[in-house]
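Below, each chain spelled out in residue letters.
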Amino acid sequence: MQNKCKHRQLCAAPARHELSLCLCLCRAEDSAMENIVTEKKAEESHRQDSADLLVFILLLTLTILTIWLFKHRRCRFLHETGLAMIYGLLVGVVLRYAIHVPSDMNNVTLSCNVNASPATLLVNVSGKFYEYTLKGEISGSEINDIQDNEMLRKVTFDPEVFFNILLPPIIFHAGYSLKRRHFFRNLGSILAYAFVGTVVSCFIIGLFMYGCVLLMKQIGHLGGDFFFTDCLFFGAIVSATDPVTVLAIFNELQVDADLYALLFGESVLNDAVALVLSSSIVAYQPEGDNTHTFEAMAMLKSFGVFLGVFSGSFALGVATGVVTALISFTFTKLRELPLLETALFFLMSWSTFLLAEACGFTGVVAVLFCGMTQAHYTFNNLSPESQDRTKQLFELLNFLAENFIFSYMGLTLFTFHNHVFNPIFIVGAFLAVFLGRAANIYPLSFLNKITSNFQHMMMFAGLRGAMTFALSIRDTATYARQMMFSTTLLVVFFTVWICGGGTTPMLSCQKIRVGVDSDQENFVSIGPDGVEMRSTKQESAWLFRIWYNFDHNYLKPILTHSGPPLTATLPACCGPLARCLTSPQAYENEGQLKDSDSDLILNDGDISLAYGDITVSTDATGAHTSGTPVGGVAVNSDEALDRELAFSDHELVIRGTRLVLPMDDSEHPLPLDSHRHKNETMSLVS
């Protein structure tokens, strides 16, 4: 492009210095015009980005208002996640077919023969170098669409936004809000569903989908490479369940606490297992030219990657949680500034995810166990104001992130440019997901003696959601991954709308109790034949018993201000070390306990809280005494813990110095005095 020079007389002068001055002035004018054009483009891009974000904010606002309307009208046939997806679909249709941004005439398509796609491209235009970054491969038929509607490109987020910004608060909130009492009581069943069940589901889906791929090859309906490892990868990502819709309805209806714990615990852990499993499948690389053949050493290597990544992420998450607890335990003056205390807690929690990803581990696993560790230790060291703030903060972030992701799911159905919809693959995927879920639930439920109505409810509640979508959108570069992503969207839509909307009728059909207090033990449910049955196997929890005693006597006194002083639990030879590590608050609180899910042990007849040489107990009259327990911790701690796990209807809740003992006259698991009435309340005078 040539610019006319306004200094023609000067340029026509024969003197050399005058000609040089002319060239300098022309270049200065070109540079000034280029700066104006660049600033104008930057301003237009800023306005476009603001409009795109405004679209999502309006989507969330509309979703929140509709949620209020649904809750006011008590409508449960559609949850807010399904509603957010519908709104996203409508906005996607409008952006795709109703709004067309005029094409930029400066977009030029040039041909260049290179062997690989460079991530950064330097272009020499008339001696000036310009930098361009790779956005991704597109088909030739979509070049005009990309030039015509820039908004569609703008609303397509970088997949790393989901992993680094949206997923951490969702996963952390799951671990931070976990009810540990019900979780640990059903720990064996939850671990079986999360680990064994997810792996079984992955291979069942992978084998079934590989059969569909072979069928598609035979009839000529396959337009690219699709290997067995791709099928296993698809099985791993769709095995991640996310029953957020079902659990929200469960919470609203107050469904049986053990059923809630089984579904919640499985969904929390199997998200992490599915992520690590998919990474292990990607790491499967046999030696030689054909990288998609079976090789035992490569299989063992992938299994080693799975164990290494999961255990490393677990250790990193727990370590970060412990470090945060130590910081809050050491800097006690920080409690005087709740804002700084909450900010530090928030940053340490979020940095766990990023640290794990930077170290080559999995941030989802790390931040999950960090949340559980923070809830168990750090929460006790926070000031009351910070405790409320952290709970509300992560609950808010979880709500916004989940609804944003579900809105974006609906949006991407029309805005994503590389969809591959194959009817055979889609039908096969729905059948495979059903078979994989059945292979996960029914055999393991039979081994764990879960009642049939709970089995059917868990089978029905196997929804796919945020984690499945995030794993599928992370890589859409190949034909196989594009087909997986398109099919995954349809699976998520179906499970959220149909299974999520049918939760209430399914509860009624299976005669599962509702209106139950989640803070109490409710392990008796009505079976399909109308007979009351135990909902879960009452596990021995021997590993948890060992951990409970060690944590109660040593870890909590070191990491928190609650629990017995170390001077009472450590041997006498460790007296100086115990006095150094014990905080003054521990001595002040040795007659009290912080509110916890599993800290209280019931003893025969009386209520006994044992702290080394000091025992605070109550008799039938409500008076409290102090004494020395047998063994220094608790009398018959194994039997007492078994009773606590088995009969937590009679669980104690301590807040300050007030004991609340809810009791049920219809059951007498412990030999308590017969004259105590239901919901009797006793008070301790400190």
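What counts as what
- Residues numbered from 1 in each chain as written.
- Predicted model: local features only at pLDDT ≥ 70, side-chain atom pairs only at ≥ 80, totals over all residues.
- Heavy atoms only, no water.
- Helix = DSSP H or I, 4+ residues; strand = E, 2+ residues; numbered from the N terminus.
- Contact = heavy atoms within 4.5 Å.
- Areas by Shrake-Rupley, 256 points an atom, 1.4 Å probe, with all protein chains shown as cover.
- 1 Å grid on protein atoms, 1.4 Å probe; cavity = no way out; pocket = protein on both sides within 12 Å on 5 of 7 lines; lining within 4 Å.
- Points joined across faces, edges and corners; volume = space filled by probe spheres on them.
- Nonpolar A, V, L, I, M, F, W, Y, C, P; charged D, E, K, R; others polar.
- Pairing = 2+ DSSP bridges.
- Expected span 1.5 Å × (residues − 1).
- Buried < 20%, exposed > 50% of the residue type's maximum accessible area, 1.4 Å probe, protein only.
- Axes fitted to C-alpha atoms, helices over the stretch in contact; angles between N-to-C directions.
- Parallel < 35°, antiparallel > 145°, perpendicular 65-115°, else oblique.
- Left-handed = near helix turned anticlockwise from the far one by under 90°.
- Salt bridge = Lys/Arg side-chain N within 4 Å of Asp/Glu carboxyl O.
- Phe/Tyr/Trp six-rings, centres within 6.5 Å; stacked < 30°, edge-to-face > 60°.
- Lys NZ or Arg CZ within 6 Å of the ring centre and 35° of its normal.
- Core = buried A, V, L, I, M, F, W, Y, C linked by side-chain atoms within 4.5 Å.
- pLDDT = per-residue confidence, 0-100.
- Patch = residues over 30% accessible without salt bridge, like charges linked within 9 Å, V, L, I, M, F, W, Y side chains within 5 Å.
- Bend = angle between axes of the 7 residues up to and from the residue.

Brief notes about the overall build of the chain
The helix and strand inventory of the chain stands at 25 helices and ten strands. Long-range contacts, defined as pairs at least 24 residues apart, comprise 75% of the intrachain contacts of the chain with a sequence gap of at least 6. Accessible surface, the chain as shown: approximately 33900 Å² in total, 62% of it carbon and sulfur.

Some remarks on empty space enclosed by the protein
For the coordinates displayed, the defined rule picks out six cavities of 30 Å³ or more. Put simply, the second largest cavity is a space of about 70 Å³. Residue lining of the second largest cavity: Thr324, Ile327, Ser328, Phe331, Leu334, Arg335, Glu341, Leu344, Phe345, Thr378 and Leu382, and that is the complete set. Listed by contribution, the elements that provide at least two residues to the lining of the second largest cavity are α12 (296-330) and α13 (338-358). Split into classes, the residues belonging to the lining of the second largest cavity amount to six nonpolar, three polar and two charged.

Quick look at the pairing of strand β1 (residues 120-125)
Alignment of β1 against strand β2 (residues 128-133), held across six bridges, turns out to be antiparallel. Residue Asn124 lies in a different strand from β2, and its bridge partner there is Phe129. Hairpin connection of β1 to β2: two residues between the antiparallel strands, including Ser126 at a positive phi of 55°.

Considering helix α19 (residues 479-501)
Structural remark: α-helix, 3.6 residues per turn; residues separated by three or four positions point the same way. Its 23 residues give α19 an end-to-end C-alpha distance of 33 Å, which sits within 8% of 33 Å, the value for a rise of 1.5 Å per residue. The buried count for α19 comes to 18 of 23 residues, which makes it a mostly enclosed element.

What to know about the packing of helix α15 (residues 384-415) against α19
The N-to-C vectors of α15 and α19 enclose an angle of 130°; their axes lie 11 Å apart at closest approach. Classed by the angle they form, the pair α15 and α19 counts as oblique. When the axes of α15 and α19 are compared, the crossing they make is left-handed. Taking contact as the criterion, the partners of Phe406, Met409, Gly410, Thr412 and Leu413 in α15 are, on α19, Phe485, Leu489, Val492, Phe493 and Val496. Considering only residue class, the contact of α15 with α19 consists of eight nonpolar, two polar and no charged.

Remarks on the pattern of salt bridges
Taken as a whole, this structure holds five salt bridges when the rule is applied. Where Glu266 meets Arg437, a salt bridge forms, and the shortest distance between an N and an O atom there is 2.7 Å. One end of the pair, Glu266, is in helix α11 (residues 257-282); the other, Arg437, is in helix α16 (residues 423-447), with 171 residues separating them in the sequence.

Looking at the packing of aromatic side chains
The geometry of an aromatic ring pair comes down to the distance between the two centres and the angle between the two planes. Tallied over the entire structure, the rule returns 25 aromatic pairs. Geometrically, the ring pair formed by Phe226 and Phe425 is tilted, given 5.3 Å between the ring centres and 50° between the ring planes. With Phe226 in the loop between α8 (187-219) and α9 (228-237) and Phe425 in helix α16, this pair connects stretches of sequence that are 199 residues apart. Overall, the relative accessible area of 0% leaves Phe425 in the buried class. Between Phe310 and Phe369 the ring centres are 6.4 Å apart and the planes differ by 80°, which places this aromatic pair in the edge-to-face class. Of this pair, Phe310 sits in helix α12 while Phe369 is found in helix α14 (residues 363-381), placing the two residues 59 residues apart along the sequence. You'll find Phe310 and Phe369 in the same group, each marked buried. One residue, Arg474, lies across the ring of Phe163, its end atom 3.8 Å from the ring centre. Above the face of the Phe233 ring, Arg481 is positioned so that its terminal group lies 4.0 Å from the ring centre.

Here we look at unusual backbone geometry
Backbone geometry at Lys449 places phi at a positive 60°, although glycine is not the residue there. Relative to the helices and strands, Lys449 is located in the loop between α16 and α17 (452-460). For Lys511, which is not a glycine, the phi torsion comes out positive at approximately 55°. Turning to its location among the elements, Lys511 is positioned in the loop between α20 (503-509) and β3 (524-526).

Details of the nonpolar core
Ranked by internal contacts, the top residues of the largest apolar core, which has 120 residues, are Met209, Phe226, Phe234, Phe250 and Phe469. Per-element tally for this core: the top contributor is α11, with 13 residues. If near-sequence neighbours (up to four positions away) are discounted, Phe469 is found in contact with Phe162, Ile405, Tyr408, Met409, Thr412, Phe485 and Leu489.

Notes on the confidence of the model for the chain
Mean pLDDT over the chain works out to 74, with 69% of the residues at or above the 70 mark. Here strand β8 (residues 653-655) stands out as the element of the chain with the lowest mean pLDDT, 34, in contrast to α16, whose mean of 94 is the highest. Here residues 1-16 scores under 50 on pLDDT; set against residues more than four positions off or in separate chains, the count is 15 contacts. In the model, residues 521-526 has pLDDT below 50 throughout and makes 37 contacts with residues more than four positions away in sequence or in other chains.

Comments concerning a nonpolar patch on the surface
Residues Val196, Val200, Ile204, Phe434 and Leu435 make up a contiguous nonpolar surface patch of roughly 400 Å² in combined accessible area. When contributions to the nonpolar patch are tallied by element, the ones reaching two or more residues are α8 and α16. Broken down by element, the residue count for the nonpolar patch peaks at three residues, all from α8. Mapping Ile204 onto the fold places it in helix α8. Overall, the relative accessible area of 31% leaves Ile204 in the partly exposed class.

Thoughts on α13
Its 21 residues give α13 an end-to-end C-alpha distance of 30 Å, which sits within 8% of 30 Å, the value for a rise of 1.5 Å per residue. Considering bend angle alone, the principal kink of α13 is centred on Thr352 and spans about 25°. Turning to α13, its buried residues are Pro338, Glu341, Thr342, Phe345, Met348, Ser349, Trp350, Thr352, Phe353 and Ala356. Against the buried residues of α13 lie α6 (159-176), α12, α14 and α15. Of the residues flanking the end of α13, it is Gly360, one or two places downstream, whose phi is positive at about 90°.

Details of the environment of Glu341
Mapped onto the elements, Glu341 comes out in helix α13. Sequence separation between Glu341 and Gln387 is 46 residues; the distance between their C-alpha atoms is 9.8 Å. Those residues in contact with Glu341 that sit more than four places away from it in its chain are Leu334, Arg335, Asn381, Leu382, Ser383 and Ser386.

Let's talk about the environment of Leu447
In this fold, Leu447 is placed in helix α16. What makes Leu447 exposed here is its relative accessible area of 60%. The sequence separation of Leu447 and Ala192 amounts to 255 residues, and the corresponding C-alpha distance is 9.8 Å.

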